[in-house]
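Chain residues, written in single-letter form:
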Amino acid sequence: MTTITLVQGDITRQTADAIVNAANSSLLGGGGVDGAIHRRGGPAILDECRKLRASQYAEGLPTGRAVATTAGALDARWVIHTVGPVFSPTEDRSDLLASCHREALRVADELGARTVAFPAISTGVYRWPMEDAARIAVATVRAADTSVEEVSFVLFDDRAYALFAAQLG
Ligand code: ADP
């Protein structure tokens, strides 16, 4: 059984075996969570991301997939980068958002990570409505077949925290 906990705050301040990054497919940094992770984690993370771009992800990391690097100076062993879908009002991309959570947990299992911190993937620059993102994130983690013991969702503000809390009921 995976325990789900909620934390309000900055994901780069968390202690966990693995911290999930809401990356973009370039793996070369961006705003929001991605920018914060690279700022606080330092250049070792970007170095490994560049190596991934020079090898198995020459075209970038596809949406819905996940890959791990060092966590650099963060209080974690790994960063698991995953690329959320951009929200579309006309096309249902929920499967891709669910896939981010499943794939991140699959990578965590491969690494042997037991505690994993997730941000609210796709809810920033990618504009996914928070309530729906919370529903998909919580349902997918609950349904996942994983050895991860604790998933924490780290929410930046009160509203996001309340919407995730409502899903945990
Ligand atoms: P995406 O591109 O997948 O939408 P963002 O990083 O833009 O990802 O935003 C994802 C969510 O993370 C948003 O709800 C945003 O408010 C929140 N967020 C931004 N910075 C942080 C942080 N340092 N820690 C936790 N959550 C953050």
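About the criteria used
Residues numbered from 1 in each chain as written. Predicted model: local features only at pLDDT ≥ 70, side-chain atom pairs only at ≥ 80, totals over all residues. Heavy atoms only, no water. 1 Å grid on protein atoms, 1.4 Å probe; cavity = no way out; pocket = protein on both sides within 12 Å on 5 of 7 lines; lining within 4 Å. Points joined across faces, edges and corners; volume = space filled by probe spheres on them. Helix = DSSP H or I, 4+ residues; strand = E, 2+ residues; numbered from the N terminus. Nonpolar A, V, L, I, M, F, W, Y, C, P; charged D, E, K, R; others polar. Polar contact = N/O pair within 3.5 Å; in protein donor to acceptor, adjacent residues only side chain to side chain. Contact = heavy atoms within 4.5 Å. Near = heavy atom within 4 Å. Areas by Shrake-Rupley, 256 points an atom, 1.4 Å probe, with all protein chains shown as cover. Sits in = over half its atoms within 2 Å of the grid points. Core = buried A, V, L, I, M, F, W, Y, C linked by side-chain atoms within 4.5 Å. Buried < 20%, exposed > 50% of the residue type's maximum accessible area, 1.4 Å probe, protein only.

A. Molecular detail of the layout of surface pockets. Of the volumes computed, that of the largest pocket is approximately 570 Å³. What lines the largest pocket is a set of 26 residues, among which A22, G32, V33, A120 and G124 lie closest to the centre. At four residues, helix 1 (residues 32-41) tops the list of elements feeding residues into the lining of the largest pocket. For the lining of the largest pocket, the per-class residue count stands at 14 nonpolar, nine polar and three charged.

B. View of the side chain of T123. Of note, T123 is situated in the loop between strand 5 (115-118) and helix 4 (130-143). Among the polar contacts made by the side chain of T123, one reaches the main-chain carbonyl oxygen of A120 at a distance of 2.7 Å. The residues touching T123, leaving out its near neighbours within four places in the chain, are W128, M130 and A133.

C. Representation of the site of the ligand. Near the ligand there are 17 residues, and of these I11, V33, S122, T123 and G124 occur at the shortest range. For the ligand, an oxygen atom lies 2.9 Å from a polar atom in the backbone of V125. Taken by itself the ligand offers 570 Å² of open surface, and the protein chains cover 89% of this. The cavity where the ligand resides is the largest pocket. The element contributing the most residues to the shell around the ligand is helix 1, with three residues.

D. Region of interest: the nonpolar core. I80, V116, F118, F153 and F164 are the most contacted members of the largest nonpolar core, which has 34 residues in total. Those elements that place two or more of their residues in this core are strand 1 (3-8), strand 2 (18-23), strand 4 (78-83), helix 3 (94-111), strand 5, helix 4, strand 6 (150-155) and helix 5 (158-168). Setting aside anything within four residues of it in sequence, one finds F153 in contact with I4, T5, L6, V7, H101, F118, P119, A137, V138, V141 and F164. Judged by nonpolar contacts, the second largest core, of 19 residues, contains I11, I37, L52 and A76.

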